[in-house]
Amino acid sequence: MSPTRENVVRIMPDIANDARPATAGQLAWVGMGEIEAPVRVATAGAESVAVPARIKAFVNLHRADVRGIHMSRLYLHLDRHLAAEPLSANSLRRLLRDFLDSHADLSDRAMVEIRFDHLLRRKALVSDNTGWKAYPVTLVATLDRAGFELELGVQVAYSSTCPCSAALARQLIQEQFRNDFAASGTVDADAVLRWLGSEQGIVATPHSQRSHADVKVRLASGVSELPIVDLVDRIEGSLKTPVQTAVKREDEQAFARLNGQNLMFCEDAARRMQSALQTDERIADFWLRASHFESLHAHDAVAVAVKGVEGGYGPRG
């Protein structure tokens, strides 16, 4: 007798749904971390590009008597939503709504975190060269009874030249000038010009270092499009010394000039960014950190600033 569907198909056990937990208790978050998937990111035009991302997907478990959630449902919702449309506040809100609808008897809070590198084509300072620059981006969206909230985080690399080191270097150059020219009585302009262009004349230079600005903003309600590029431009515009991509000598010289004209401690960098973000109406709140990876010390110089919204970000983010 040939096998029938009835005696081949088995009812598989669902332990997470059927069994009761050995120890009862509500859980703040349950889900998956480090999911690998592509996401679609809007470009300057009407199109979008797919970029690889790492994702966390969670719901809470407010039923103390239930052993687990339906993790496969979270994954399938992610896969369907992220492939269908570019990331936006609206698309993330719909995704989280599906998380909760598929866990209606278990959860009343949902969260998704998406991390990816956003590539931007950046022009050189003087020459006609351009190059790609990657900006790490983190999106954290939550939905609960209080409503929907979206946080956008970016990291921007820049150069910082120490004002104290610059002052000390200028003093050494002054002393060298006195040593080299005091005995002559009079100073010849051409001789000074040659001296300024020599290693003998410029005996000291200030120390500079690559630095990072880590910025998190909570977007105001009603903002749908993700202002990733605008946020990066605002940060780089306030700091004035973003790291470069393709450079020729004229670009390197222009970069040296920018560093000399924008001497800054980490405190200066944090205040510049704070001032630039305060007036953006799309930003309901922000937290930022300026980290200078010093060439003088083995440790970093760090400054943190917040918008100062009541009940908003604190110093620890």
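Our structure's up above, just so we're on the same page.
Residues numbered from 1 in each chain as written. Predicted model: local features only at pLDDT ≥ 70, side-chain atom pairs only at ≥ 80, totals over all residues. Heavy atoms only, no water.

## Quick word on the overall build of the chain
Within the chain, the secondary structure is distributed over nine helices and eight strands. On C-alpha atoms alone, the chain measures out to a radius of gyration of 28 Å, which is more than a quarter above the 20 Å that the 2.2 N^0.38 rule sets for 317 residues. Counting only C-alpha atoms, the chain reaches 115 × 45 × 35 Å along its principal axes. Sorting the 317 residues of the chain into buried and exposed places 39% on the buried side. Within the structure as shown, the chain displays about 18,300 Å² of accessible surface, and the carbon and sulfur contribution to it stands at 52%. Distance between charge centres in the chain, computed from 37 positive and 40 negative side chains, equals 2 Å. (Helix = DSSP H or I, 4+ residues; strand = E, 2+ residues; numbered from the N terminus. Rg over C-alpha atoms; globule rule 2.2 N^0.38 Å. Buried < 20%, exposed > 50% of the residue type's maximum accessible area, 1.4 Å probe, protein only. Areas by Shrake-Rupley, 256 points an atom, 1.4 Å probe, with all protein chains shown as cover. Lys, Arg positive; Asp, Glu negative; His and termini not counted. Charge placed at Lys NZ, Arg CZ, Asp CG, Glu CD.)

## A few points about the sheet that holds strand β8 (residues 301–306)
Pairing within the open sheet is antiparallel, and its eight strands lie in the order β1-β2-β3-β4-β5-β6-β7-β8. On the outer flanks of this sheet lie β1 (27–42) and β8, each paired with one strand and no other. Adjacent strand axes in the sheet meet at a mean angle of 15°, parallel and antiparallel pairs treated alike. Summarising the sheet, strand β6 (residues 208–219) and strand β7 (residues 283–292) pair through nine bridges and their orientation is antiparallel. Note on β7: the bridge partner recorded for R218 is D285. Contacts from helix α3 (residues 71–84) reach β1, β2 (48–61) and β3 (110–123) within the one sheet, and its direction differs from that of β1 by about 20°. Relative to the sheet, helix α9 (residues 266–278) contacts β5 (147–161), β6, β7 and β8, its axis offset from that of β7 by approximately 160°. (Pairing = 2+ DSSP bridges. Axes fitted to C-alpha atoms, helices over the stretch in contact; angles between N-to-C directions. Contact = heavy atoms within 4.5 Å.)

## Overview of the packing of helix α7 (residues 228–239) against α9
Between α7 and α9, whose axes approach to 9 Å, the crossing angle comes to 135°. One element, α7, and the other, α9, form an angle in the oblique class. Here α7 runs over α9; the crossing is right-handed. Contact residues: α7 offers L231, R234, I235, S238 and L239, while α9 offers A269, R272, M273, A276 and L277. Partitioning the contact of α7 with α9 into residue classes produces seven nonpolar, one polar and two charged. (Parallel < 35°, antiparallel > 145°, perpendicular 65-115°, else oblique. Left-handed = near helix turned anticlockwise from the far one by under 90°. Nonpolar A, V, L, I, M, F, W, Y, C, P; charged D, E, K, R; others polar.)

## Concerning the pattern of salt bridges
Under the counting rule described, the total for this entry stands at 19 salt bridges. Note that R94 and E85 form a salt bridge whose closest N and O atoms lie 2.8 Å from each other. For E85, a relative accessible area of 25% gives the class partly exposed. The network of salt bridges with common partners includes E34, E36, R54, K56, E113 and R115. (Salt bridge = Lys/Arg side-chain N within 4 Å of Asp/Glu carboxyl O.)

## Focus: the pairing of β6
Bridge count between β5 and β6: 11 bridges; the pairing is antiparallel. If you follow A157 over to β6, its bridge partner there is H212.

## Some points on the nonpolar core
Core analysis: the biggest nonpolar cluster contains 64 residues, and V39, L87, I114 and F116 have the highest contact counts within it. The contacts of I114, once residues within four sequence positions are left out, are V39, A53, R54, I55, L82, L87, L92, V137, T138 and L139. (Core = buried A, V, L, I, M, F, W, Y, C linked by side-chain atoms within 4.5 Å.)

## Some points on empty space enclosed by the protein
Using a probe with the size of a water molecule, rolled over the atoms, empty space left in the structure can be pinpointed. Tallying each qualifying case throughout the model produces one cavity of 30 Å³ or more. As a volume, the largest cavity reaches approximately 30 Å³. As for the largest cavity, its lining consists of L152, V217, P227, D230, L231, D280, R282 and I283. Here the lining of the largest cavity is composed, by residue class, of five nonpolar, no polar and three charged. (1 Å grid on protein atoms, 1.4 Å probe; cavity = no way out; pocket = protein on both sides within 12 Å on 5 of 7 lines; lining within 4 Å. Points joined across faces, edges and corners; volume = space filled by probe spheres on them.)

## Quick word on α7
The terminal C-alpha atoms of α7 lie 17 Å apart, and with 12 residues this matches the ideal 16 Å at 1.5 Å per residue to within 8%. Considered for burial, the residues of α7 that qualify are I228, L231, V232, I235, E236, S238 and L239. Projected down its long axis, α7 shows its buried positions confined to an angular sector of 165°, all on one face. Buried residues belonging to α7 abut β3, β4 (130–144), β5, β6, α9 and β7. Directly beyond the C-terminal end of α7, a positive phi value near 75° is found at K240. (Expected span 1.5 Å × (residues − 1). Arc of directions from axis to C-beta.)

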